Every structure is written in C-alpha cells, then in structure tokens.
Amino acid sequence: MEQYEVIVIGAGPGGYVAAIRAAQLGKKVAIIEKRKTLGGTCLNVGCIPSKALLDSSEEYDKAKHKLGDHGITIGSIKIDIKKMMDRKDKVVGEVTSGVDYLMKKNKITRYLGLGKFVSKTEIQITDDDGKTENISGTNIIIATGSTPIEIPPLPVDGKNIITSDHAIALDSVPEHLIIVGAGVIGLELGSVWGRLGAKATIVELLPRLFGTADAAMAGLSQRILEKQGMNFLFETKVHGAKVKGKKVEVEIEDKEGKKTILEGDKVLVSIGRRPNTDGLGAGEIGIEFTERGRVKVKPNHFQTNIPNIYAIGDVIDGPMLAHKAEDEGIAVAELIAGQFGHVNYRAIPSIVYTWPEVAWVGLGEEELKAQGIEYKVGKSVFKANARAKAMNEPDGQVKVLADKKTDKLLGVYIVGPRASDMIAEAAVAFEFGASAEDIARSTHAHPTLSEILREAAMDADAKWSIHS
Ligand code: FAD
Ligand code: NAI
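Residues numbered from 1 in each chain as written. Chains lettered and ligands numbered in written order. Predicted model: local features only at pLDDT ≥ 70, side-chain atom pairs only at ≥ 80, totals over all residues. Heavy atoms only, no water.

Trainee: Help me understand the UniProt feature "binding site: NAD(+)" (unreviewed entry) in the chain, please; the structure alone is not making it clear to me.
Mentor: Those places that UniProt annotates as "binding site: NAD(+)" (unreviewed entry) correspond, in this numbering, to Gly 181, Ala 182, Gly 183, Val 184, Ile 185, Gly 186, Leu 187, Glu 188, Glu 204 and Gly 272. For Val 184, the location among the structural elements is in helix H6 (residues 184-195). Contacts of Val 184, omitting those with residues within four sequence positions, involve Ile 351 and Val 352. Among the structural elements, Ile 185 can be located in helix H6. Not counting residues up to four positions away in its chain, the partners in contact with Ile 185 are Ser 164, Gly 190 and Ser 270. (UniProt positions renumbered as here; feature names shortened; annotations may be inferred. Helix = DSSP H or I, 4+ residues; strand = E, 2+ residues; numbered from the N terminus. Contact = heavy atoms within 4.5 Å.)

This is the structure we're talking about:
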C-alpha cells in the first residue's frame, strides 16, 4: 500500500491549496477527488462559472442600456445562450486544468474516485467502475466541501425545479424565474437571468438581505436591485411547488398568513448548502460532527477529535467561501509541518457579485450596537468620485466604521462598481490592525474608485473628507 505524509480528500479550493502548501513544505502528498476535473465546487459549478455568466450578462446589459450614454450606438443586440455557455465552459476548462498542472508541478499524486476512511490512517478509493485501491497517510485532511440543500416541499428535478448546478447551465432564458432564498446564489444567478430577460421573483423567509450585515447598506443594495427589476417577497414561506407541464406553481404564504400561487417556468432553490460527508466513512471511525452536521474541529487548529485527521473549508463551521477554504488549506498544511498556520476570521471579506457589487469586511452598525461597541461612521458616495463619473457608474456608497476612542477599523462596507476589488484594501488594513486615519493618510492614486474608501475613512477619522 502506498504511504503518504499527507492525504487530502477533496480537490476544491480548500483541498488543492492545502495539498500544494504541504508539498511546498516538503511533504509527500496525495489528493483524492471523485470528480474527473479538479477545483471542486468553486471552479466547476460555483464561483467561476457563475462569474463567467455574470460578466457575460453584464456585457449584454451594458450594450443594451449603458453604451448609448457613452455615445456608442450599436445595431440590434441579440444573445446567443449556447455561445455564452460555451465560453463559460471554456473558462471552467482552463481553470480546472490549471489545477491539474499545479498538482503535477508540485509532485502531488492524484487519485480519481470516492475516498472513504477504512481506519484512522487508511483510505479506500473507489472509482466509477467500482475498482478500489487503498492508501495510507500519517495526516489526513478532509476537504470534501458542500452541496445544495434540498427540502421536501421543493423536489429538485433538474428541469423545472433546479439548484445552482443547473442554473449555471440553462439552454434558454426562463420567462419567470422564481428564486427561493435571497442569499448570494439567489442574487447572483437572479441577476444573470434577470439581465438576460427573465422576470426574477425572490422569495425569502427573513425580512431583509444579507443576514447580520449592515442593514442600511443591505437596504441600499436592495433598492438598486429593485430598480433593475428584481422583485423581492420578504418574510414569505414556501409551502410547496408543483410542476404542471412546462410551468411550476409555487404556493407561498406572506407574513399576514395570506396564501398565493406564483407561476413560473423555473424555480431555483438557493437556501444554503450542506456539508459533504456522504460515503466518507468519517462517522464510522469515530470522527465527531457539530449539531448541523459539519465536521467538528478545534477552532483555528482544524484538528478533529482524532489528532492526525484535520478538516477545512465548507465541511467545517464558518462562512462557505472559497477564500476562507483556501486560507484554511494554507494554515492546516503549515500546522502539519510544525509551523504556526493561522486564519484571521475577522479579516475575511464577503462579496456579492451583483452590479453594483456589494462587499464588506468586519461588523455592521447593528452588530456593533449589539456588542456595546462605541463607533464612529464615515461615508462617501460614488457620485462624488471623478472616476465613477467617468465610468458613468454613480450608484453606490462606502461606509467606514471605526472605534470611537481608538479609531481602529471595525467594519468597511461598499456598495458600488468593482467593490470586489476595492475591499481587498480594507481586508489588508484589518490584517494590520489599521485605523481609519491610516487609510485616510495613505496616498490613493487619482482618479480611482479607491479614493472613495479614502474619503469615507477621512470622514470616519475626524470628518475631514475633502470631496463630499
Ligand atoms: P468544494 O469546493 O466543495 O470541494 C470539495 C471537493 O471534494 C469536491 O470537488 C467534491 O467532489 C470532493 N469530494 C467530496 N467528497 C469526496 C470524497 N468522499 N472523496 C473524494 N472527493 C470528494 N465562494 C466564494 O468565495 N466566491 C464566490 O464567488 C463563490 N461563488 C459561488 C457560486 C456558486 C454557484 C456556488 C455553489 C458556490 C460559490 N462559492 C463562492 C462558494 C465556494 O464554491 C465554496 O465555498 C468553496 O468551493 C469551498 O471549497 P472546499 O474546498 O471546502 O469545497
Ligand atoms: P445563503 O446562505 O447565502 O442564503 C440562503 C438564503 O435562503 C438565506 O437568506 C435564508 O434566509 C433563505 N432561506 C433559507 N430557507 C428558506 C426557505 N425555506 N424559504 C425561503 N428562504 C429561505 O445560501 P446560498 O445563496 O444558497 O449560497 C450557499 C453558499 O454559497 C453561501 O454560504 C455562500 O457563502 C456561498 N456562495 C458565495 C458566493 C460569493 O461569495 N459571492 C456566491 C454564491 C454562493
């Protein structure tokens, strides 16, 4: 039986990054993945295909509604969904084969098949033909990720009642897309199909967007999305969905108890994801789980109750984000190699890739109040920024929250174009324990969108914003 110092189960952003870092640190590493292509949910059916479609649909929307303002007139605008999907598949193909290259470059042995614990140190790999092979590892990292949550009232059939796995691969634009769950997937894929012409109705149990994130900034994002035609039904329950020919009838109930039937041609179920532990054999060898079925680990040590077995990414607690999984992958490999791997969860940014984008790091006003932390607020709007004007993208705002006494950054929220790139500066500032004044006194190139963050930091520091 082949023996490894580190075996990683699952080749998503958590697993493949852990494997590379362990190999860089001199370990003999194997990675087991049941999918034919590497990269996990993120590269195959998550972050990358959804962003490819968001970018394509943004270009369509720009051509249809925005280029005229720049003095550019083009003839009739058509969408070729097949070509759009082919481009998305090409992007996915390139990034997943990029991971293959990285495995080879770092001399990591790749096994194709389902990994299952036989003992604390032995894994059985079963391929699609049922052929098995066992390997043994001194250290084993579970990085098996997550899959969409399905519930009995919404039986997913992959045609009319679908998950994100199907919504990134439709062959035509639905007339009416009913989305259950106003989370990140609902908003992003709702934006894609909404821009391409679908009516998008989002049914959400809670009264607002983005859970505990800053309510005013969530409200700002909601208003902009509503202006784009997205229709939200908050505090609404879904009782069931029935497929009738090519249509689906969804029974909903509002907060007053009034029941209605919504008729659409597709229902996207995007109510969260559950950890992937089916067929892994983890319970059988005594690995403990949390109440919600995630693998239980020592906080920031990624070690399960069995000391040589670790877990990272979506399969453990915390936000289900690719960059969180990657950072945990680096940290766990460093810990296994005897170094001091660590993840600063306070500095992990969240991003919603709608247009304009929404991005934040740290706490919002409601959470700060709930924790009794005294804070100051600084704001700056995109319409006061020369670059945003030049881009003809005036919608949005930056909010900086800083400690009232020490000026230390507590939260940065951005609703605006390219917020996803702008938030990196705030995340680095958090990592360095920066104050609002640190950002305010750093030179920001002109004219750039990053100046809006600086202006908001000036406003938070001592109300000395120059341009607003
Ligand atoms: P995964 O990426 O889920 O990888 C786990 C891998 O393990 C899978 O390939 C699976 O096949 C394999 N596996 C499972 N069990 C076994 C087994 N027993 N044996 C062998 N292999 C196994 N996050 C972001 O940060 N930014 C985004 O823009 C973003 N967009 C998203 C869009 C969509 C539509 C979705 C669905 C998710 C998105 N996410 C995004 C979330 C992101 O994809 C996940 O947080 C991330 O992929 C988690 O990484 P992971 O390595 O923990 O698990
Ligand atoms: P989510 O957790 O973001 O949102 C689910 C939403 O569904 C919540 O608002 C919840 O209140 C609501 N909900 C739950 N049950 C419901 C019900 N029965 N009826 C109506 N509403 C209900 O989950 P989502 O959007 O499925 O995404 C899954 C994961 O993927 C997220 O954890 C997210 O972090 C990750 N992801 C990240 C992206 C990004 O970083 N840009 C993009 C897409 C996904």
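Trainee: Just checking my understanding: could you explain the packing of helix H11 (residues 419-431) against helix H13 (residues 450-462) for this structure?
Mentor: Helix-helix packing is described using two parameters, namely the angle between the two axes and the distance between the axes. The interhelical angle for the contact between H11 and H13, taken along N-to-C directions, is 45 degrees, at an axis separation of 9 Å. Between H11 and H13, the crossing angle belongs to the class labelled oblique. Crossing handedness for the pair H11 and H13: right-handed. Along its contact with H11, which presents Met 422, Glu 425 and Ala 426, the element H13 presents Ser 450, Ile 452 and Leu 453. Across the contact of H11 with H13, the residue classes break down as 4 nonpolar, 1 polar and 1 charged. (Axes fitted to C-alpha atoms, helices over the stretch in contact; angles between N-to-C directions. Parallel < 35°, antiparallel > 145°, perpendicular 65-115°, else oblique. Left-handed = near helix turned anticlockwise from the far one by under 90°. Nonpolar A, V, L, I, M, F, W, Y, C, P; charged D, E, K, R; others polar.)

Trainee: Help me understand the sheet that holds strand E11 (residues 231-233), please; the structure alone is not making it clear to me.
Mentor: Strand pairing in a sheet relies on backbone hydrogen bonds. The paired strands run either parallel or antiparallel. Spatial ordering of the open sheet is given by E8-E15-E9-E10-E11, a layout of 5 strands whose pairing is parallel. The outermost strands of the open sheet, each flanked by one partner alone, are strand E8 (161-162) and E11. Relative to strand E15 (residues 266-269), strand E9 (residues 176-180) runs parallel, the two sharing 4 bridges. Across the sheet, the residue bridging to Val 180 is Val 269, located in E15. Helix-sheet contacts for H6 involve E9, strand E10 (199-203), E11 and E15, and the interaxial angle to E9 is about 175 degrees. (Pairing = 2+ DSSP bridges.)

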